[in-house]
Amino acid sequence: NQDVAVLQRMYPLFRRAVNFYTHIQYSNTTDRVYHLPPTLSPEYAVVPDCNYDLSLYRWGLETIIDACENILHVADPNLGLWRDSLARLTSYPVGPDGYMIGAGMPLDYSHRHFSHLFMIYPLRTLNFSDPAAAALALRSFDHWIGMTGGLTGFARTAASAMSVMFGRREAAYTNLTLLLDDFILDNTFYREGENGECGETPPAAASAIHDWMLMAWNGVLPVFAGVYDQALPEAAFYGLRAAGAFLVSARRSNGTTLFIEVYSESGSPLRLQTDMAGPYSLTPALPHRLLPSGALEIDLPAAAHVLIVSQAVAPGPLVVAPAAGDPASFNGWGFQPAGDPLVMHPCTAAPAQTFDYDPAVPNSVIRLRDHNLCITTASCAAVDGDRLVLRPCPGTATGLEVPCGHFGNGLWTLDSNSQL
């Protein structure tokens, strides 16, 4: 949020974290390059010049130098050391398959952690406008995600976010549907197989969905870069916070971004990456320009809004509202909303069937307890006064009303001849 007071409070801790690496780095007399001694790549191995730590150290140096020079305007006595360390820090160890775990150690077996890829995600310190850097990152990612056996749900959240960066919208979507289908249990609980619970996975999945809609990378805000239109034809968000102290809202329909609205809290440079067709119409009419990268740069002052629409496409209502979705794909847990038809078919020699129902809960759903019942969907059930009412369903003449006194402990038994 560009609140300098927050940075001032965090600065002493951040400074100590960066200085920790300055105490352990060393340089060879032959190349004068700074290296790191053996450190741990999480759950894999201890290795010198570990890419996990090199990524964190390089990001820390870049960030603290920028904070001193451009935000806090402080002459920290270690500023010279940090500049020198950044200039001489060794390159990331790379092998035929891309980024390695560390010096002399490739990724040789499937592994749920993406620690050796931290420079790609979540730190996003690479610039994909360099074709060589983009190709190396993609080769590294494909090598990691292509090895099977050790990947878990935790890996899928990072794979989704990185797929957005690589322009793979479908993969961004399917990595999270795979997480839901293969790792999230029916009762919404989650575990990483034999690794046990992994509390960071659900919020990491939420973060990946955020990246589908909006993320920040190299000073640019890509909007809807990860939305897979075939599965999500309607997408919208309101007031998502982005780096630079921006609040962003936008709507997309059938593969077309209809509008983007941005509020700036601090007046930071605003650069948007969008596939919205140009030329653009801005309200109010602020100075703007297209950069060589294709990003739209807008001179948006502090405490001001701007609305961006395409002059080539009618934006429709400037409204952000929940998408209707496809009810057939909903997979809620617990009592379901009323309204879906209850369809019962004659069964041959079927035993008595039992349903769950809570008469005290309005619009709660009859839940199937015996899977031998001939039933195709949920119910038309609702509480009407003191009776359970099964409303008429399509293709039936009447419904069935059963007084609540016919329920024993919230259960209702149908014999084999009952049907709607």
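Preceding block: the structure.
Not measured: the values here are computed from a predicted model. (Residues numbered from 1 in each chain as written. Predicted model: local features only at pLDDT ≥ 70, side-chain atom pairs only at ≥ 80, totals over all residues. Heavy atoms only, no water.)

All right, on to the overall build of the chain then. The helix and strand tally for the chain stands at seven helices and 21 strands. Taking the contacts inside the chain whose residues are at least 6 apart along the sequence as the reference set, 58% of them involve residues at least 24 apart. Of the roughly 21200 Å² of accessible surface on the chain, a fraction of 56% belongs to carbon and sulfur atoms. (Helix = DSSP H or I, 4+ residues; strand = E, 2+ residues; numbered from the N terminus. Contact = heavy atoms within 4.5 Å. Areas by Shrake-Rupley, 256 points an atom, 1.4 Å probe, with all protein chains shown as cover.)

This paragraph deals with the sheet that holds strand β9 (residues 246-253). The strands making up a sheet associate through backbone hydrogen bonding, with each pair oriented either parallel or antiparallel. Reading across from one edge, β8-β9-β10-β15-β12 is the order of the five strands in this open sheet, with antiparallel pairing throughout. Strands with a single pairing partner mark the edges of an open sheet, and in this sheet they are β8 (234-242) and β12 (280-283). Each strand of the sheet is rotated relative to its neighbour by a mean of 15°, with strand direction disregarded. (Pairing = 2+ DSSP bridges. Axes fitted to C-alpha atoms, helices over the stretch in contact; angles between N-to-C directions.)

It is worth spelling out the pattern of salt bridges at this point. Under the definition given, this model contains 14 salt bridges. We note a salt bridge from R83 to E69, for which the minimum N-O separation is 2.7 Å. Here R83, found in helix α3 (residues 79-88), pairs with E69, found in helix α2 (residues 51-72); they are 14 residues apart in sequence, far enough to count as distant. Residue classification places R83 among the partly exposed residues on the basis of a relative accessible area of 40%. Here the salt bridges do not stand alone but share partners, grouping R169, D229, R252 and D275 into one network. (Salt bridge = Lys/Arg side-chain N within 4 Å of Asp/Glu carboxyl O. Buried < 20%, exposed > 50% of the residue type's maximum accessible area, 1.4 Å probe, protein only.)

Attention shifts here to the packing of aromatic side chains. Taken as a whole and judged by the stated rule, the model has 17 aromatic pairs. Taking 5.9 Å as the distance between ring centres and 45° as the angle between the ring planes, the aromatic pair formed by F14 and W59 counts as tilted. Here F14, found in helix α1 (residues 4-24), pairs with W59, found in helix α2; they are 45 residues apart in sequence, far enough to count as distant. Taking relative accessible area as the criterion, F14 reaches 18% and is therefore assigned buried. An aromatic cluster of at least three residues, connected via ring pairs, comprises Y52, F114, F118, Y121, F128, F141, W144, F154, F166 and W217. The side chain of R58 reaches across the aromatic face of Y92, ending 4.7 Å from its centre. Over the aromatic face of Y34 sits the side chain of R88, whose NZ or CZ is 4.2 Å from the ring centroid. (Phe/Tyr/Trp six-rings, centres within 6.5 Å; stacked < 30°, edge-to-face > 60°. Lys NZ or Arg CZ within 6 Å of the ring centre and 35° of its normal.)

Let us look at the sheet that holds strand β7 (residues 221-222). If you walk across this open sheet you meet the four strands as β7-β11-β14-β13, and the pairing is mixed. A single partner strand is all that each edge strand has here, and the edge strands are β7 and β13 (288-290). Note: β13 against strand β14 (residues 296-298), three bridges, orientation antiparallel. Bridging across to β14, R289 finds its partner in E297.

Counting residues in hydrophobic clusters, the biggest one holds 87 residues, and the most contacted among them are I120, W144, M162, V262 and I308. No other element matches helix α5 (residues 153-165), which puts eight residues into this core. Once you skip the residues sitting within four places of it in the chain, I308 turns out to touch L258, F259, I260, V262, L272, M276, Y280, S281, L282, L296 and I298. (Core = buried A, V, L, I, M, F, W, Y, C linked by side-chain atoms within 4.5 Å.)

When you tally the buried positions in strand β10 (residues 256-264), you get seven out of nine residues, the bulk of the element. What sits between the antiparallel neighbours β9 and β10 is a turn of two residues, in which N254 has the positive phi angle 50°. Note: β10 against strand β15 (residues 304-310), six bridges, orientation antiparallel. Paired with I260 across the bridge in β15 is I308.

So, about the environment of P287. Structurally, P287 can be placed in the loop between β12 and β13. Taking the relative accessible area as the measure of exposure, P287 reaches 47% and is therefore partly exposed. In this structure, P287 is in contact with E297, I298 and D299, ignoring residues within four places of it in sequence.

The next point concerns the pairing of β15. Buried residues dominate β15, accounting for six of its seven residues. Sheet topology note: the β12/β15 ladder contains four bridges and is antiparallel. Of the residues in β15, the one forming a bridge with T283 is L307.

Honestly, that's just the spatial picture; any functional story needs more than this.
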